[in-house]
Amino acid sequence: MDSRLVTGVDFVTVPTKDYEAAAEFYGTVLGLPFGKRWGQMPAGEFETGNLTIAVMQSDAFGVEFEPHSHPIALQVDDVEAARAELESRGVAFVGETIDSGVCHQAIFKDPDGNLLEIHHRYAPR
């Protein structure tokens, strides 16, 4: 029997002030497949392949909106190519692409100011 209490992460929630605008960004601009809507509530899930991003309109759930100030790292094969494609779709990046010595990453914001980044680890773990 596995003694771990936590066995994985089902989803991460990203707050929004405008679900429809956020859904357009995550679904069309980032191209993430739509998973499901949370019934009639202004919230829905977008799939990344290994983690679900649940976009949730804060006020509809009685929560004060506050954007994430630490980025969610979205894995890509080529940061520069992904950056160029996202820039062509209107995404503005915060600064230059970073080479940390083990990965490349480029930070941007969604329409609500939540930090995201495209990320590619090139060094072995």
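Above this text sits the structure in question.
Residues numbered from 1 in each chain as written. Predicted model: local features only at pLDDT ≥ 70, side-chain atom pairs only at ≥ 80, totals over all residues. Heavy atoms only, no water.

**Some thoughts on the pattern of salt bridges**
What the rule picks out here adds up to three salt bridges. In this structure, Arg83 and Glu87 form a salt bridge, with 3.1 Å as the shortest nitrogen-oxygen distance. Separated by four residues within a single helix, Arg83 and Glu87 lie in helix 2 (residues 79–88), roughly one turn from each other. Among the residues examined, Arg83 registers a relative accessible area of 9% and is labelled buried. (Salt bridge = Lys/Arg side-chain N within 4 Å of Asp/Glu carboxyl O. Helix = DSSP H or I, 4+ residues; strand = E, 2+ residues; numbered from the N terminus. Buried < 20%, exposed > 50% of the residue type's maximum accessible area, 1.4 Å probe, protein only.)

**Observations regarding the side chain of Ser58**
Position of Ser58 among the secondary structure elements: in the loop between strand 4 (52–57) and strand 5 (72–75). Excluding residues within four positions of it along the chain, Ser58 makes contact with Pro15, Thr16, Val63, Glu64 and Phe65. (Contact = heavy atoms within 4.5 Å.)

**A look at the packing of aromatic side chains**
If you walk through the whole model with that rule in mind, you get six aromatic pairs. A centroid spacing of 5.9 Å and a plane angle of 90 degrees characterise the contact between Trp38 and Phe61, whose relative ring orientation is edge-to-face. With a gap of 23 residues between them, Trp38 in the loop between strand 2 (34–37) and strand 3 (43–47) and Phe61 in the loop between strand 4 and strand 5 connect regions that are remote in the sequence. Three or more aromatic residues joined by ring pairs form one cluster here, namely Phe25, Tyr26, Phe34 and Phe46. (Phe/Tyr/Trp six-rings, centres within 6.5 Å; stacked < 30°, edge-to-face > 60°.)

**Topic: helix 1 (residues 19–29)**
An α-helix turns once every 3.6 residues. As a result, residues three or four positions apart point the same way. Residues of helix 1 that are buried include every one of Tyr19, Ala22, Ala23, Phe25, Tyr26 and Val29, and no others. A distance of 3.2 Å separates the backbone nitrogen of Glu20 from a side-chain oxygen at the start of helix 1, and that oxygen is part of Asp18. Of the residues trailing helix 1, Gly31 is marked for its positive phi of about 75 degrees. (Polar contact = N/O pair within 3.5 Å; in protein donor to acceptor, adjacent residues only side chain to side chain.)

**Section: the sheet that holds strand 2**
The strand order 1-4-3-2 describes an open sheet built from four strands, whose pairing is mixed. Of all strands in the sheet, those bounded by a partner on one side alone are strand 1 (11–16) and strand 2. Geometrically, the sheet is characterised by an average inter-axis angle of 25 degrees between neighbouring strands, direction not taken into account. Inspection of the sheet shows strand 2 paired to strand 3 by two bridges, in the antiparallel sense. Bridged to Phe34 within strand 3 is Phe46. Sitting on the sheet, helix 1 touches strand 1, strand 2, strand 3 and strand 4, and the angle it makes with strand 3 is about 5 degrees. (Pairing = 2+ DSSP bridges. Axes fitted to C-alpha atoms, helices over the stretch in contact; angles between N-to-C directions.)

None of the figures reported here should be taken as evidence of function without further support.
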